[in-house]
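Commentary on secondary and tertiary structure
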Amino acid sequence: MATPKDYAFMRRALELAELAAERGEVPVGAVLVRDGKIIGEGSNRPIGNCDPSAHAEIVALRRAAEAEQNYRLPNTTLYVTIEPCTMCFGTLMHARVSRLVFGAKEPRAGVVESQMKLAEAGFFNHKISVESGVMAEEAGRLVREFFHDRR
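For clarity, every value in this text was computed on a predicted model and none was experimentally measured. Chains are numbered independently. Their residues run from 1 in the order of the written sequence. Restriction of local features to residues with pLDDT of at least 70 applies here, the model being predicted, together with a cutoff of 80 or more for giving and counting side-chain atom pairs; totals for whole chains, interfaces and linings are based on all residues. Each side-chain value is derived from all of the structure's non-hydrogen atoms; neither hydrogens nor water enter the calculation.

So, the nonpolar core
Going by this rule: Here, nonpolar core refers to any group of buried Ala, Val, Leu, Ile, Met, Phe, Trp, Tyr and Cys residues whose side-chain atoms link them within 4.5 Å. Each residue's exposure class comes from its accessible area (1.4 Å probe, protein chains only) as a fraction of the maximum for that residue type: buried when under 20%, exposed when over 50%, partly exposed otherwise. Under the scheme used here, helices are H or I runs from DSSP no shorter than 4 residues and strands are E runs no shorter than 2 residues, and both carry numbers assigned from the N terminus. For this analysis, residues touch if any pair of their heavy atoms sits within 4.5 Å.
Ranked by size, the top nonpolar core spans 41 residues in total, and within it Leu32, Leu78, Phe89, Leu92 and Leu100 carry the most contacts. Those elements that place two or more of their residues in this core are helix 1 (4-22), strand 1 (29-34), helix 3 (56-68), strand 3 (77-82), helix 4 (86-95), strand 4 (99-104) and helix 5 (136-150). With six residues, helix 1 is the largest single contributor of residues to this core. Residues contacting Leu32, with those up to four places away along its chain left out, are Lys37, Ile38, Ile39, Gly40, Leu61, Ala64, Leu73, Thr76, Thr77, Leu78 and Val97.

Here we look at the packing of aromatic side chains
So the rule is basically this: Side-chain rings of Phe, Tyr and Trp, where Trp is taken by its six-membered ring, are said to pair if the distance between their centres is within 6.5 Å; with planes under 30 degrees apart they count as stacked, over 60 as edge-to-face, and otherwise as tilted.
Taken as a whole, this structure holds four aromatic pairs when the rule is applied. With 5.3 Å between their ring centres and 35° between their planes, Phe9 and Tyr79 make a pair best called tilted. One end of the pair, Phe9, is in helix 1; the other, Tyr79, is in strand 3, and 70 residues separate them in sequence. For the pair shown, Phe9 and Tyr79 are each scored as buried. Ring-pair connections join several aromatic residues into one group, and the members of that group are Phe89, Phe123 and Phe124.

Considerations on the side chain of Asn44
Short version of the rule: Whenever a nitrogen or oxygen atom comes within 3.5 Å of another N or O atom, the pair is scored as a polar contact, on the condition that within protein one atom can donate a hydrogen and the other can accept it, and that pairs from neighbouring residues in sequence are kept only if both atoms are in side chains.
Among the secondary structure elements, Asn44 is positioned in the loop between strand 2 (37-43) and helix 2 (46-49). Within polar-contact distance, the side chain of Asn44 engages the backbone nitrogen of Ala56 at 2.9 Å. Dropping the residues within four chain positions of it, Asn44 is found in contact with Ala20, Arg23, Glu25, Val26, Val28, Ala54, His55 and Ala56.

Focus on the packing of helix 3 against helix 4
Under the convention used in this document: In this description, a line fitted to the C-alpha atoms serves as the axis of each element, helices being fitted only across the stretch in contact, and the angle between N-to-C directions of two axes falls anywhere from 0 to 180 degrees. Orientation labels follow simple angle bins: below 35 degrees gives roughly parallel, above 145 gives roughly antiparallel, 65 to 115 gives roughly perpendicular, and whatever is left gives oblique. Each crossing gets its handedness from the near helix: less than a right angle anticlockwise from the far helix is left-handed, clockwise is right-handed. When residues are grouped by polarity, Ala, Val, Leu, Ile, Met, Phe, Trp, Tyr, Cys and Pro land in nonpolar, Asp, Glu, Lys and Arg in charged, and all others, Gly among them, in polar.
Remark: helix 3 packs on helix 4, axes separated minimally by 9 Å, with the N-to-C direction vectors making an angle of 25°. As far as their axial angle goes, helix 4 and helix 3 are roughly parallel. Crossing of helix 3 over helix 4 shows left-handed handedness. Residues Glu57, Ile58 and Leu61 of helix 3 pack against Met87, Cys88, Thr91, Leu92 and Ala95 of helix 4. Its residues assigned to classes, the contact of helix 3 with helix 4 comprises six nonpolar, one polar and one charged.

Topic: the environment of Ala2
If you trace the backbone, Ala2 turns up in the segment before helix 1. Looking at Ala2, the relative accessible area reads 23%, which means it is partly exposed. Here the alpha-carbon distance between Ala2 and Glu131, two residues 129 residues apart in the chain, equals 6.9 Å. Look past the residues within four positions of Ala2 in its chain and what remains in contact with it is Tyr7, Glu131 and Val134.

So, helix 4
Taken residue by residue, helix 4 has Cys88, Phe89, Gly90, Leu92, Met93 and Ala95 as its buried positions. In the core, the buried residues of helix 4 are packed alongside helix 3, strand 3 and strand 4.

Section: the pattern of salt bridges
Selection rule: Here, a salt bridge means any side-chain nitrogen of Lys or Arg that lies within 4 Å of a carboxyl oxygen of Asp or Glu.
This structure, assessed with the given rule, holds seven salt bridges. Where Glu113 meets Lys105, a salt bridge forms, and the shortest distance between an N and an O atom there is 3.5 Å.

Digging into the sheet that holds strand 4
Hydrogen bonds along the backbone pair up the strands of a sheet, which may run parallel or antiparallel. Spelled out, the test is: Two strands pair if DSSP finds at least two bridges between them.
Read from one edge of the open sheet, five strands run 2-1-3-4-5, paired in mixed fashion. Edge positions in the sheet fall to strand 2 and strand 5 (129-132), since each has one partner strand and no second. Averaged over neighbouring strand pairs, the angle between their axes works out to 15° when direction is ignored. Where strand 1 and strand 2 come together, six bridges link them in antiparallel fashion. Each residue of the ladder has a partner; that of Gly29, found in strand 2, is Ser43. The sheet contacts of helix 1 involve strand 1, strand 2, strand 3 and strand 4, and relative to strand 1 the element is tilted by about 145°.

Right, dumping it as structure tokens:
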């Protein structure tokens, strides 16, 4: 069940998504939190960074791992505005993120609930707790408006 803190951190992720949109990137924002403090955050940057892996989740995890000087990020929660793709979910698993909170579903490429339901897969040696739909309307609206304006 989502908590008031979940909404507060998701609001920050939405701010980061808006910054991505201003740069012409798909509006996705992510915030990694441990013990109530942000340890990494990011927004989509694949175009600007010329890096196909620079999704918001990956950027947030990289920043946190560098700050923590550890590629493992246990006891953390990742807040992301849109349901993660395969690459991002795999990275969450490798980093040992404990909990994922996301806003809007991504019906085509989301792999947590929309497609492959990877969070429920039994073949991983790590389990991530998932909370979906937190501020989904706001997150979905950002993406819809972004693509509407581009057409």
